[in-house]
Amino acid sequence: MHTTNYYNVFIAASEDCPVFESEIPKLRGESKSLAVLQFEMISQNPYRFTSDEVLFSIHAVRNNLSQSESEKEKFFSKGQACFRASPLVKRYGWGIHFDENGKMALYNLDSPEYQKLKSDESLKQLAGIRSKRK
């Protein structure tokens, strides 16, 4: 079974992120985008969920699936994109911190906490995946 969980990691906003201040993803149309669903789940529950829990829960909701272990195994039987590819870090300018238990929280790009986490040498530092090639 594949996993997307990180431990003691900070994912900074992508180098080519188009914003200088983090933005809250807006609802467009009737269905919630992936960015809106991720933002709501993580921002309302800091350090409550792992990456795998967030990704699978959203997948189950969007596809009207039960959140059973068999569905989870089926979902993670193939590799899934991790949060380095999330629109939250690529487009909306959020940083994501994963603690020692793999639980995650969002940090605003222009906050002192973001800067502190970004310079914390005890954390593995990663950047969001670029949207465009150099």
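Residues numbered from 1 in each chain as written. Predicted model: local features only at pLDDT ≥ 70, side-chain atom pairs only at ≥ 80, totals over all residues. Heavy atoms only, no water.

*Asks:* Would you mind showing me how to read the sheet that holds strand E4 (residues 124–127) here?
*Replies:* Taken in spatial order, the four strands of this open sheet run E3-E2-E1-E4, and their pairing is mixed. Of all the strands in the sheet, the pair left with one neighbour each is strand E3 (104–108) and E4. With strand direction ignored, the average angle separating the axes of adjacent strands in the sheet is 20°. Helix H1 (residues 34–43) contacts strand E2 (94–98) and E3 of the sheet and is inclined by roughly 105° relative to E3. (Pairing = 2+ DSSP bridges. Helix = DSSP H or I, 4+ residues; strand = E, 2+ residues; numbered from the N terminus. Axes fitted to C-alpha atoms, helices over the stretch in contact; angles between N-to-C directions. Contact = heavy atoms within 4.5 Å.)

*Asks:* Even after reading the chapter, I still don't get the nonpolar core, so can you show me in this structure?
*Replies:* In a soluble, globular protein the nonpolar side chains are often hidden away together inside. By size, the foremost hydrophobic cluster in this structure holds 26 residues, and its most contacted members are Ile11, Val54, Phe83, Ile96 and Phe98. Sorting the residues of this core by element identifies strand E1 (9–12), H1, helix H2 (51–62), helix H3 (69–76), helix H4 (87–90), E2 and E3 as the ones contributing at least two each. Apart from residues lying up to four places away in sequence, Phe83 is in contact with Ile11, Gln38, Ile42, Ser51, Val54, Leu55, Val89, Ile96, Phe98 and Met104. Counting eleven residues, the second largest nonpolar core, distinct from the first, contains Ala12, Ala13, Leu109 and Tyr114. (Core = buried A, V, L, I, M, F, W, Y, C linked by side-chain atoms within 4.5 Å. Buried < 20%, exposed > 50% of the residue type's maximum accessible area, 1.4 Å probe, protein only.)

*Asks:* Looking at this structure, I do not really get the packing of H1 against H2. What am I missing?
*Replies:* Between two packed helices, the angle of one axis relative to the other and the distance separating the axes together describe the packing. The geometry of H1 relative to H2 is characterised by a closest axis approach of 10 Å and an angle of 125° between their N-to-C directions. Between H1 and H2, the angle falls in the class oblique. Crossing of H1 over H2 shows right-handed handedness. Seen from H1, the contacting residues are Leu34, Leu37, Gln38, Met41 and Ile42; seen from H2, they are Glu53, Val54, Leu55, Ser57, Ile58 and Arg62. Looking at the contact of H1 with H2 residue by residue, the classes come out as seven nonpolar, two polar and two charged. (Parallel < 35°, antiparallel > 145°, perpendicular 65-115°, else oblique. Left-handed = near helix turned anticlockwise from the far one by under 90°. Nonpolar A, V, L, I, M, F, W, Y, C, P; charged D, E, K, R; others polar.)

Geometry only, nothing functional implied.
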